[in-house]
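# Breakdown of the fold
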Amino acid sequence: MLSIIVAKAKNNIIGKDNQLIWHIPEDLKRFKNLTSGHTIIMGRKTFESLVRVLPNRHHIILCNDAEMNINDENVEVLEDISMLDQYINDSQEHFVIGGATMYRLLMPYCNKMYITEINQDFEGDVSFPTINPDEWEIIETEKGLKDEKNPYDYTFVTYIRKNSQN
Ligand SMILES: NC(=O)c1ccc[n+]([C@@H]2O[C@H](COP(=O)([O-])OP(=O)(O)OC[C@H]3O[C@@H](n4cnc5c(N)ncnc54)[C@H](OP(=O)(O)O)[C@@H]3O)[C@@H](O)[C@H]2O)c1
């Protein structure tokens, strides 16, 4: 099964100039806890925005360039989303980690979403798609308050697809 993980602003912005806009250590900790040991699926631009290959995770990068090759045993490049069928149909959880293009493309195949909602609007150039309340229901929320390390209030919100078995 596929799950989305994302941090989004109140106005749905998720990035600017191919970077994240905020630094929220508590959110990064949650990302690491949830995704470690799993497959993470991302677009080529998000891969390029990472500082390095993330440890203890199998990376799948979607890219239209058949020549793209990353020399790392934990990185696999795929050219076609139909090659994700095995991950969609698998009982194990695999994570779609962005960016905006991947969220739009793969949201219809996801059954769960781990969303960090930052309680503030931001300016940016990429956004998360609108969540249709007819398709998704919230199963868990956990509030986080800003402190000396985390500069914004945020809420961890977990959604599941309505009528999903997962
Ligand atoms: N806030 C968050 O949680 C979060 C998480 C992740 C990313 N982001 C932000 O999102 C932004 C990047 O998002 P983005 O939408 O610009 O880029 P992206 O989704 O990361 O990557 C887009 C690229 O994926 C490849 N691609 C797209 N559709 C494809 C298909 N059907 N088949 C094969 N390859 C395909 C293409 O690569 P080629 O051009 O090489 O063909 C395309 O340029 C950055 O600002 C990043 O910081 C935010």
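Scroll up to find the structure this text is about.
Everything in this summary refers to the structure shown in the same document. This structure is a prediction, so every number in the text was calculated from the model and none was measured.

### Some words on the overall build of the protein chain
Along the backbone of the protein chain there are four helices and 10 strands. Going from N to C terminus, the protein chain has its helices and strands arranged as β-β-α-β-α-β-β-α-β-α-β-β-β-β. A globule of 166 residues ought to have a C-alpha radius of gyration of about 15 Å, and the protein chain, at 15 Å, matches this closely. Along the first, second and third principal axes, the C-alpha atoms of the protein chain reach 45 × 35 × 30 Å. Across the 166 residues that make up the protein chain, the buried fraction comes to 43%. When the accessible surface of the protein chain is split by element, carbon and sulfur atoms take 43% of a total near 9,500 Å². Of the side-chain charges in the protein chain, 17 are positive and 26 negative, and the distance between the mean point of each set is 7 Å.

### Focus: the pattern of salt bridges
Overall, the coordinates contain three salt bridges when judged by the stated rule. Two residues, Arg44 and Glu48, come together in a salt bridge whose shortest N-O distance is 3.0 Å. Separated by four residues within a single helix, Arg44 and Glu48 lie in helix α2 (residues 44-49), roughly one turn from each other. By relative accessible area, Arg44 is classed as partly exposed at 32%. Residue class for Glu48 comes out partly exposed when judged on its relative accessible area of 48%.

### Looking at the packing of aromatic side chains
One pass over the structure, following the stated rule, counts five aromatic pairs. Geometrically, the ring pair formed by Trp22 and Phe122 is edge-to-face, given 5.0 Å between the ring centres and 65° between the ring planes. Within this pair, whereas Trp22 is found in the loop between β2 (13-15) and α1 (25-35), its partner Phe122 is found in the loop between β7 (110-118) and β8 (126-127), the two being separated by 100 residues in sequence. You can call Phe122 buried: its relative accessible area is 12%. Counting every residue linked through ring pairs, the aromatic cluster contains Trp22, Phe122 and Tyr152.

### With respect to the nonpolar core
Counting residues in hydrophobic clusters, the biggest one holds 24 residues, and the most contacted among them are Ile4, Leu84, Val96, Met113, Phe128 and Ile131. Among the elements of the structure, β1 (2-9), β4 (58-62), α4 (100-106), β7 and β10 (154-161) are those that each provide at least two residues to this core. Take this core: its biggest share by element is four residues, from α4. Other than its neighbours up to four places away in sequence, Val96 contacts Leu2, Ser3, Ile4, Ile5, Ile41, Met102, Tyr103, Leu106 and Cys110. Counting residues in each nonpolar core, the second largest holds 12 residues, with Ile40, Ile61, Met68 and Phe95 among its members.

### A short note on the sheet that holds β1
Judged by pairing direction, the sheet is mixed, and its eight strands sit side by side in the order β5-β4-β3-β6-β1-β7-β10-β9 without closing on themselves. Sheet topology places β5 (75-78) and β9 (136-144) at the edges, where each strand pairs with a single neighbour. This sheet shows a mean twist of 20° between the axes of neighbouring strands, independent of strand direction. Pairing geometry for β9 and β10, over eight bridges, is antiparallel.

### Here's the deal with α1
If you check which residues of α1 are buried, you get Asp27, Arg30 and Thr35. Around the axis of α1, the buried residues are gathered within 110° of arc, so they sit on the same side. Residues of α1 that are buried in the fold lie against β1, β3 (39-43), β6 (94-98), β7 and β10. In the segment just after α1, Gly37 is the residue with positive phi, at about 85°.

Procedures and definitions
- Residues numbered from 1 in each chain as written.
- Predicted model: local features only at pLDDT ≥ 70, side-chain atom pairs only at ≥ 80, totals over all residues.
- Heavy atoms only, no water.
- Helix = DSSP H or I, 4+ residues; strand = E, 2+ residues; numbered from the N terminus.
- Rg over C-alpha atoms; globule rule 2.2 N^0.38 Å.
- Buried < 20%, exposed > 50% of the residue type's maximum accessible area, 1.4 Å probe, protein only.
- Areas by Shrake-Rupley, 256 points an atom, 1.4 Å probe, with all protein chains shown as cover.
- Lys, Arg positive; Asp, Glu negative; His and termini not counted.
- Charge placed at Lys NZ, Arg CZ, Asp CG, Glu CD.
- Salt bridge = Lys/Arg side-chain N within 4 Å of Asp/Glu carboxyl O.
- Phe/Tyr/Trp six-rings, centres within 6.5 Å; stacked < 30°, edge-to-face > 60°.
- Core = buried A, V, L, I, M, F, W, Y, C linked by side-chain atoms within 4.5 Å.
- Contact = heavy atoms within 4.5 Å.
- Pairing = 2+ DSSP bridges.
- Axes fitted to C-alpha atoms, helices over the stretch in contact; angles between N-to-C directions.
- Arc of directions from axis to C-beta.

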